[in-house]
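# Notes for the structure review
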Amino acid sequence: MTFDPQELGQSSSDLAAILQELRKRAGLSGVQLARRVSMSQSKISKIETGRVIPSLVDVELILRALDAPLDLVAHVTALARLANTEWQDARALRRKGLDRKQIELATLERSTIRFRYFLPTMITGLLATPEYVRASLAPFPGDHTKAIAKKLERQDVLYESSKQFSFILTEQACRWPLVPAQAMAMQIDRLVSVSRLPNVRIGVIPMAGHMPWAPLNVFTVYDESLAIVEVSTGALVFRDPRDVQDYLDEFLTFEGYALWGENARVKMGGWADHFRDISQDF
């Protein structure tokens, strides 16, 4: 399915209106429909007024209960998929200020218990040194002092013992020379250090052996309820359980190819030593 960013904002209200119209055409009250689909009447009301976005499963149950025409089922299901997907435009985020995005992420992190990060290209802010954070924002114009400070403040969440973190990084992500060699060595040393926290797992996938599965995008799964997929021009936010489960399954696949614990630390230590050797040659 192709996502048109312009459609994502409109799909929720369109979905609510169509579901309400289908119920009325079927001659059912909200109470009667609620009984047929084993939902509360208040949930049906919130769905039809757009205050609650139904999952794909909710929509399928409603469509079956209303005996919706086949030609409408595909259209309504597509709307439900769009309604459960949000597009975050990178240019718009930069115009608002990158520090605002850091505040939004901090709010999301406060309400999340289980984090899963798949990082095939570069190191995420929660694991980054100050120099690496500065370098990651350097290509974008403007003063990033506040954004850098907020990024570094967010790292405190790693030390909350009630939360669990799993990071998978490819060798490319760990070794991409975003900063000078000595700074890269310090950055990888930080990965090793953070991996020793009791609530943090860091796995690395070396560029060796046979890898029958090719990574496409950076993504993060928050608990089992939300997945954020990053691309060059922005991010897609998926809330439908089926989409989130797809990313959980993908994470599990890569988990099986990663080195963990002491094996990962030994591998990362070798990469850090390589950068230290390079820095001494100059």
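Here, every reference points to the structure presented above.
Residues numbered from 1 in each chain as written. Predicted model: local features only at pLDDT ≥ 70, side-chain atom pairs only at ≥ 80, totals over all residues. Heavy atoms only, no water.

### Thoughts on the overall build of the protein
Broken down by element type, the protein carries 13 helices and 7 strands. The principal-axis extent of the C-alpha atoms belonging to the protein is close to 80 × 40 × 35 Å. Taking as baseline every contact in the protein between residues at least 6 positions apart, the subset at least 24 positions apart corresponds to 76%. Here the protein holds 34 positive side-chain charges and 34 negative ones, and the gap between their average locations is 5 Å. (Helix = DSSP H or I, 4+ residues; strand = E, 2+ residues; numbered from the N terminus. Contact = heavy atoms within 4.5 Å. Lys, Arg positive; Asp, Glu negative; His and termini not counted. Charge placed at Lys NZ, Arg CZ, Asp CG, Glu CD.)

### Topic: the packing of helix α2 (residues 30-37) against helix α4 (residues 56-65)
It is the contact of α2 with α4, at a shortest axis distance of 9 Å, that shows an interaxial angle of 110 degrees. On the basis of the axis angle, α2 is roughly perpendicular to α4. In terms of crossing hand, the pair formed by α2 and α4 is right-handed. Where α2 abuts α4, its residues L33, R36 and V37 lie against L61, I62 and A65. (Axes fitted to C-alpha atoms, helices over the stretch in contact; angles between N-to-C directions. Parallel < 35°, antiparallel > 145°, perpendicular 65-115°, else oblique. Left-handed = near helix turned anticlockwise from the far one by under 90°.)

### Comments concerning the sheet that holds strand β7 (residues 234-238)
Read across the open sheet, the 7 strands follow the order β1-β7-β6-β5-β2-β3-β4; overall the sheet is mixed. Looking along the sheet, the strands with just one partner apiece sit at the ends: β1 (85-89) and β4 (200-205). Going across the sheet, the axis of each strand differs from the next one's by a mean of 15 degrees, ignoring polarity. Inspection of the sheet shows strand β6 (residues 226-231) paired to β7 by 5 bridges, in the antiparallel sense. Bridging from a neighbouring strand, A227 pairs with F238 of β7. (Pairing = 2+ DSSP bridges.)

### Side note on the packing of aromatic side chains
The tally for this structure, following the rule as stated, stands at 10 aromatic pairs. Both rings, one in F115 and one in F165, keep their centres 4.4 Å apart while their planes meet at 10 degrees; by these two values the pair is stacked. On the criterion of sequence distance, the pair formed by F115 in strand β2 (residues 114-119) and F165 in strand β3 (residues 164-170) is long-range, its members being 50 residues apart. Among the residues examined, F115 registers a relative accessible area of 0% and is labelled buried. Note on F165: relative accessible area 1%, which makes it buried. Each member of the aromatic cluster is reached from another via a ring pair, and the members are F118, W213, F219, F238, Y247 and F254. The cationic tip of R201 hangs over the ring face of W260; the distance from NZ or CZ to the ring centre is 3.9 Å. (Phe/Tyr/Trp six-rings, centres within 6.5 Å; stacked < 30°, edge-to-face > 60°. Buried < 20%, exposed > 50% of the residue type's maximum accessible area, 1.4 Å probe, protein only. Lys NZ or Arg CZ within 6 Å of the ring centre and 35° of its normal.)

### Some details on the packing of α2 against helix α3 (residues 41-48)
Two elements in contact, α2 and α3, have axes whose closest approach is 8 Å; the angle formed by their N-to-C orientations is 110 degrees. On the basis of the axis angle, α2 is roughly perpendicular to α3. Between α2 and α3 the crossing geometry is right-handed. Here G30, V31, L33, A34 and V37 of α2 come into contact with α3, specifically with Q41, I44 and E48.

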